[in-house]
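# Per-entry structural report
Listed below, chain by chain, are the residues.
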Amino acid sequence: MDTSVREFDVVVVGGGVAGLAGALTLARARRSVLVVDEGRPRNAPARGVHGLLGSEGVSPAELLERGRAEVASYGGRVLRGRVESVERGGSGFTVVCADGTVVGARRLLVTTGVVDELPDIPGVAEHWGSGVLHCPYCHGWEVRDQPVAVVADGPVAVHAGLLWRQWTDRVTVFADPGRDLGEQGREKLAARGVTVVAEPVAAVEADDDGVSGVRTADGVVRAVRAVVVPTFTRSRSGLLADLGVPERDLRMGELVMGTHVEADAIGATPVPGVWAAGNVVVPHEQVVNAAAAGNRAGAAINADLVMEEAGAAVERAL
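Presented here is a report on the structure given in the accompanying data block. Here the structure is a predicted model, which means the values were calculated and not measured. (Residues numbered from 1 in each chain as written. Predicted model: local features only at pLDDT ≥ 70, side-chain atom pairs only at ≥ 80, totals over all residues. Heavy atoms only, no water.)

## Re the overall build of the protein
Counted only if it meets this: We count a stretch as a helix when DSSP gives it H or I for four or more residues in a row; a strand needs E for two or more, and each element gets its number in order from the N terminus. Summary of the burial criterion: residues with accessible area below 20% of their type's maximum are buried, those above 50% are exposed, and those between are partly exposed, where the area comes from a 1.4 Å probe applied to protein chains only. Note on contacts: a residue pair qualifies if any of its non-hydrogen atoms lie within 4.5 Å across the two residues. Method for areas: the Shrake-Rupley scheme with a 1.4 Å probe, in which residue coverage is limited to the protein chains shown. Positive residues here are Lys and Arg, negative ones are Asp and Glu, while His and the chain termini are left out of the count. Taken as the charge location is NZ of Lys, CZ of Arg, CG of Asp or CD of Glu.
Of the regular secondary structure elements, the protein holds seven helices and 19 strands. Residue burial in the protein is summarised as follows: out of 318 residues, 47% are buried. Taking the contacts inside the protein whose residues are at least 6 apart along the sequence as the reference set, 59% of them involve residues at least 24 apart. About 15,200 Å² of surface is accessible on the protein, with carbon and sulfur atoms providing 50% of the total. With 31 positive and 41 negative side-chain charges, the protein shows a separation of 4 Å between the mean positions of the two kinds.

## A look at the pairing of strand S16 (residues 232-235)
Put simply, the rule reads: When DSSP finds two or more bridges between two strands, those strands count as paired.
Only one face of S16 is covered, namely the face carrying Thr233 and Ser235; the face carrying Phe232 and Arg234 is uncovered. The pairing of strand S7 (residues 114-117) with S16 spans four bridges and is classified as antiparallel. Bridge pairing in S16 links Glu117 to Phe232.

## A few points about the side chain of Asp9
Structurally, Asp9 is set in strand S1 (residues 6-13). Since its relative accessible area comes to 13%, Asp9 is described here as buried. With residues up to four places along the chain from it excluded, the contact list for Asp9 reads Arg31, Ser32, Ala105, Arg106, Arg107 and Leu305.

## Concerning the packing of aromatic side chains
Here is the rule: Two rings from Phe, Tyr or Trp (for Trp, the six-membered ring) form a pair when their centres sit within 6.5 Å of each other. Planes less than 30 degrees apart are called stacked, planes more than 60 degrees apart edge-to-face, and all others tilted. Note on geometry: a ring has a charge over it if NZ (lysine) or CZ (arginine) is within 6 Å of the ring centre and within 35 degrees of the ring normal.
For the structure on display, the rule yields two aromatic pairs. Their ring planes at 85° and their centres at 5.5 Å tell us that Tyr137 and Trp167 sit as a pair that is edge-to-face. With Tyr137 in helix H3 (residues 136-139) and Trp167 in the loop between helix H4 (154-164) and strand S10 (171-174), this residue pair connects regions lying 30 residues apart in the sequence. Here the aromatic cluster, defined as three or more aromatic residues joined through ring pairs, consists of Tyr137, Trp164 and Trp167. Positioned over the ring face of Trp141 is Arg144, at 4.0 Å from the centre of the ring.

## Points about the packing of H4 against helix H5 (residues 183-191)
For the record, the criterion: As a rule, the C-alpha atoms of each element are fitted with a line to give its axis, helices using only the stretch in contact, and angles between N-to-C directions run from 0 to 180 degrees. An angle below 35 degrees is read as roughly parallel, one above 145 as roughly antiparallel, one from 65 to 115 as roughly perpendicular, and any other as oblique. Working rule for handedness: look at the near helix, and if it is turned counterclockwise from the far one by less than a right angle, call the crossing left-handed; if clockwise, right-handed. Throughout this entry, Asp, Glu, Lys and Arg are counted as charged residues, while Ala, Val, Leu, Ile, Met, Phe, Trp, Tyr, Cys and Pro are counted as nonpolar. The remaining residues, Gly among them, count as polar.
Running from amino to carboxyl end, H4 crosses H5 at an angle of 15°, the nearest separation of the two axes being 10 Å. Relative to H5, H4 is oriented roughly parallel. Of the two elements, H4 crosses H5, and the hand of that crossing is left-handed. Where H4 approaches H5, its residues Val158, Gly161 and Leu162 are matched on the opposing element by Gly185, Lys188 and Leu189. Among the residues making up the contact of H4 with H5, the classes are represented as three nonpolar, two polar and one charged.

## Brief notes about the sheet that holds S10
Across the sheet, five strands lie side by side as S8-S15-S9-S10-S11; this open sheet has parallel pairing. At either end of the open sheet lies a strand with only one pairing partner, and these are strand S8 (132-133) and strand S11 (195-197). In the sheet, strand S9 (residues 148-151) pairs with S10 via four bridges, with the strands oriented parallel. The residue bridging Val151 from the neighbouring strand is Phe174, located in S10.

## Section: the side chain of Thr101
Using the following cut-off: By the criterion applied in these results, polar contacts are pairs of N or O atoms within 3.5 Å in which, for protein atoms, one can donate a hydrogen and the other can accept it, and in which residues neighboring in sequence qualify only through two side-chain atoms.
Assignment of secondary structure puts Thr101 in the loop between strand S5 (92-97) and strand S6 (102-110). At a separation of 2.9 Å, a polar atom in the side chain of Thr101 contacts the side chain of Asp99.

Next up, the structure:
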């Protein structure tokens, strides 16, 4: 695209599954739509996407490639780049990209997702998405019946230990001795045969086949084939914050597990004309749900535009 101003019904900021699903719905509704894709999908390190009916195991890159082609087949446009700023003006928004591209939009759909902030343990980042995991619905089948380490504390450790026990009976929770799992939590873990090691993990070990073990602070290496770590999921919500959409803490009881933005069931934010969908709203949503959220938001945006256009038509007829 050149740098001349062009008007779109909708600009979608973020080219993951939520953004592409919203764009596809809008393009099929005969709306002019532009997706600005920075190209940093959260699930890029994963070998495959799971739980997505009809596309089970497809690689994240292939899924997005298919999605971009589908959007384009209905006249939607995808621009690789980063949105630098968004300003409200008149009846819509002005979207400025880092490469100088400037476009107008009557409505915005923001699907910028989250960033997973990983524990500062050697080996975790290197194997993130392959042998270091967070979601059993995404990866549990692939490590079924294998020894799995859960590196977490407090209620998060209990929750993760019990959840991963569904896929394997060889789960060990490595918990910081300074953080209490709670009497009931320990009872539940013990009842399900989950071992608890009260020793912090110092490093994740690997061999030619991937993750091979965890080394605890006392120097002992215990053999495992997968390591489960909780992440702090920080929303990529800067543009939304600039528009007045508030960022909220994501909590598990009293624990802050991340941040997200507020949007209703159809993706509408408290700011008129601005919708949001996918992980930026619900950080732990899987691909299938993020796509559904994008679809709902796209349909809602189209309906909003339809009502606006009907009102304008009535005024012109008077």
